[in-house]
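# Structure assessment
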Amino acid sequence: MPKSFQPSVITANALLEGDVVYLNGTDWVRDLSQAEVLSDEADAQLRLIEASARSSEVVGVYLSPVDTSSGIAPTHFREAFRATGPSNYSHGKQERI
Amino acid sequence: MYAYTDFDDKFLAERNAQFRAQVERRIDGSLTEDEFKPLRLMNGLYLQLHAYMLRVAIPYGTLNSGQMSQLAMIADKWDKGYGHFTTRQNIQYNWPELRDVPDMLDALAEVNMHAIQTSGNTIRNVTADHFAGAAADEIADPRPVAELIRQWSTDHPEFQFLPRKFKVAVSGATHDRAVLKAHDIGLQIVERDGVQGFEVIVGGGLGRTPMIGKVLYDFISAEDLLPTLEAIVSVYNLLGRRDNKYKARIKITVHENGIEDIRARVDARYALIRPQFTGVDQQMLSRIEADFGKPDFVTKSLAPYEAAYTNDPVFRAWADTNLTDHAQAGYAIVSISLKAHGATPGDATSDQMRVMARIAKEFGHDELRISHEQNVILPHVHRADLPALHKLLKEAGLGTANIGLISDIIACPGMDYCALATARSIPIAQEIATRFDDLKLEHDVGPLKIKISGCINACGHHHVGHIGILGLDRAGVENYQITLGGDGTNDAAIGERAGPGFSAEEIIPAIERLVMGYLDLRTDRSETFLETYRRLGLAPFKAALYPEAKADAA
């Protein structure tokens, strides 16, 4: 049986600032909690292709699986660091929280 | 130290103007990321997890107070007020924005610095013994030759698209402090019948497939150095594997073809290109050598040093760990620890950089060095000035007395910053240092090198750590593997894997068991961790690491 599609967000790094962004509709947002969760695989793939074409805004677009049982949470620790910032200083996204 | 010529200034200005235009064309959409990426990498600009990262070369680890102050200015103006010194004698800025990078490069050029070839499949920043020009065990200062290699390799038209990156290290001392045998090429200055030349070691490297370098030539003359280097890199450029990134380094080329085959090919290539080297390089070298004269050493009373050493236990502890003998009577080499317990290994704030610059100017003949062990060195300090210097360091949080001890840990940035990492390194280093500081054991434990990498690429040199720690992703959880008995010096050895890995929570207690095990196993205080390991082998250390396995077997 094919593995079922895990709800995902589209993420990348902003071209100018380099920081992590997520897609919500047609907007790039900086906070994972504001990202749009894509639950349908065909839709997610199409949106990924469209987002990848926006190369004057972002770099390295990909789908990142999330857990939606309580808000939007990354399923892998790498994505958790991307969503918050490094653990040695309060820099990056966590500075604004 | 080397001062840029008009040619150097012009070259760098042109190169920076080119990159400024490339950045503008990327931002206005004329260049795609695929087109821009190789261009930014050639200029040291990475895109990491949270931001861009600019890697600036500190050639052979040498800089003066003006350069250090400028690094501080850049950290304040375009970054977050700090910099990270790396295991390859570079400094990394973790938070620049793309638009600012051309200005940062111009600011670097003002003080004869650049970020060229700090990334990409080229000859990287040439590294050297961080005690170069000062060490008591030195045959010759390796930096003039390292500078010659920097000039030869910078923008070398044949070597801009090598199969993979290429790292060269040089040492002129009898003790290898430059990890020569873990470099693509390691050059050891040697003397034969009163003539200086080089032992050429090739094919060393860490990473996925760690290899100890092999001797390609036990002696070549100074005049033959550049033609030999060019022949080696030329052979590698054609023979190195481009079909598989993991087999593309010269260590694999040497391993697969054998050192004799490589030597025959290099000999043939050398014979072909040798006539092109007409001696211009040697003229350039003598001009460079003139820039690396000894400082004007002074003679003064050692009384202030002796008084502080006798009366101030904090000073004495620092002097015992952080000073190294200098070739000049009355002088010492000072290692400034960037490893305060609980701090990020290799990080310095802009304020700390300015303090180190000021101290170098006031007490250190205006010279600083960056070590591959992520510390800052003041190579020439008169012992009489050490008490005043130590006071300034302490006030700046730079007085930690732990050089060569368990908390003087090498750690790569790991998954806190690096896009390639599979686990974090920095918090593990912080916790080990804090734990052993709490136990007040590190001076009792004595010399012990812990090196941590957050992925298999081994930027943290874990293979050559007496205790090496490798962070991996095991089924979505950080997992840390321990290797033991590695050594990056003259008796270079790759550490042996101790057994199954540990979780982030388990790794600190595991290291503690290991070190406690060593304290029980050593003959006395004079036997270091590495010596005990070499005497007894893996088994007793493994028993200390995995007590439950021992219980199961009983």
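You'll find the structure just up there.
First, a word on what this report is: a plain description of the structure on this page. (Residues numbered from 1 in each chain as written. Chains lettered and ligands numbered in written order. Predicted model: local features only at pLDDT ≥ 70, side-chain atom pairs only at ≥ 80, totals over all residues. Heavy atoms only, no water.)

### Section: the overall build of chain B
Of the regular secondary structure elements, chain B holds 19 helices and 21 strands. For 554 residues, the compact-globule estimate of 2.2 N^0.38 gives 24 Å, and the C-alpha radius of gyration of chain B, at 23 Å, lies within 12% of that figure. With 554 residues in all, chain B has 61% of them scored as buried. Restricting to contacts in chain B with at least 6 residues of sequence separation, those with at least 24 account for 67%. Surface exposure of chain B reaches about 20700 Å², of which carbon and sulfur atoms provide 52%. With 59 positive and 74 negative side-chain charges, chain B shows a separation of 4 Å between the mean positions of the two kinds. (Helix = DSSP H or I, 4+ residues; strand = E, 2+ residues; numbered from the N terminus. Rg over C-alpha atoms; globule rule 2.2 N^0.38 Å. Buried < 20%, exposed > 50% of the residue type's maximum accessible area, 1.4 Å probe, protein only. Contact = heavy atoms within 4.5 Å. Areas by Shrake-Rupley, 256 points an atom, 1.4 Å probe, with all protein chains shown as cover. Lys, Arg positive; Asp, Glu negative; His and termini not counted. Charge placed at Lys NZ, Arg CZ, Asp CG, Glu CD.)

### A word on the layout of surface pockets
Residues and elements named next belong to chain B. Estimated volume of the second largest pocket: approximately 950 Å³. In terms of lining residues, the second largest pocket is bounded by 38 residues, among which Arg 177, Glu 373, Gly 404, Lys 449 and Thr 489 are the most central. Class assignment for the residues of the lining of the second largest pocket results in 11 nonpolar, 16 polar and 11 charged. (1 Å grid on protein atoms, 1.4 Å probe; cavity = no way out; pocket = protein on both sides within 12 Å on 5 of 7 lines; lining within 4 Å. Points joined across faces, edges and corners; volume = space filled by probe spheres on them. Nonpolar A, V, L, I, M, F, W, Y, C, P; charged D, E, K, R; others polar.)

### Quick notes on the packing of helix α10 (residues 303–311) of chain B against helix α11 (residues 313–322) of chain B
Residues and elements named next belong to chain B. Contact geometry of α10 with α11 gives a least axis separation of 6 Å together with a crossing angle of 110°. Taken together, the axis directions place α10 and α11 in an arrangement best described as roughly perpendicular. Touching Tyr 305, Ala 308, Tyr 309, Thr 310 and Asn 311 of α10 are Pro 313, Phe 315, Arg 316, Ala 319 and Asp 320, all from α11. Classifying every residue of the contact of α10 with α11 by side-chain character gives six nonpolar, two polar and two charged. (Axes fitted to C-alpha atoms, helices over the stretch in contact; angles between N-to-C directions. Parallel < 35°, antiparallel > 145°, perpendicular 65-115°, else oblique.)

### Focus on the interface of chain B and chain A
Each partner contributes to the interface: chain B provides 32 residues, whereas chain A provides 25 residues. Across the chain B to chain A interface the summed buried area is about 2300 Å²; carbon plus sulfur atoms make up 58%. It is Leu 49, His 50 and Met 415 of chain B that lose the most area in chain B upon contact with chain A, and together they represent 24% of the buried surface on that side. Put simply, chain B and chain A have one salt bridge between them. Here Lys 80 of chain B makes a salt bridge to Glu 95 of chain A, at a shortest N to O gap of 3.1 Å. A total of three residues in the side of chain B that touches chain A trace back to one element, the largest contributor, which is helix α14 (residues 426–439) of chain B. The residue makeup of the side of chain B that touches chain A, split by class, is 16 nonpolar, six polar and 10 charged. (Buried area = accessible area lost by both parts, 1.4 Å probe. Salt bridge = Lys/Arg side-chain N within 4 Å of Asp/Glu carboxyl O.)

### Description of the sheet that holds strand β2 (residues 52–57) of chain B
All names here are of chain B. The five strands are arranged β1-β2-β5-β4-β13 in an open sheet whose pairing can be described as antiparallel. Each end of this open sheet is capped by a strand with a single partner; those strands are β1 (45–47) and β13 (347–349). In this sheet, adjacent strand axes meet at a mean angle of 30° when their direction is disregarded. Where strand β4 (residues 82–85) and β13 come together, three bridges link them in antiparallel fashion. (Pairing = 2+ DSSP bridges.)

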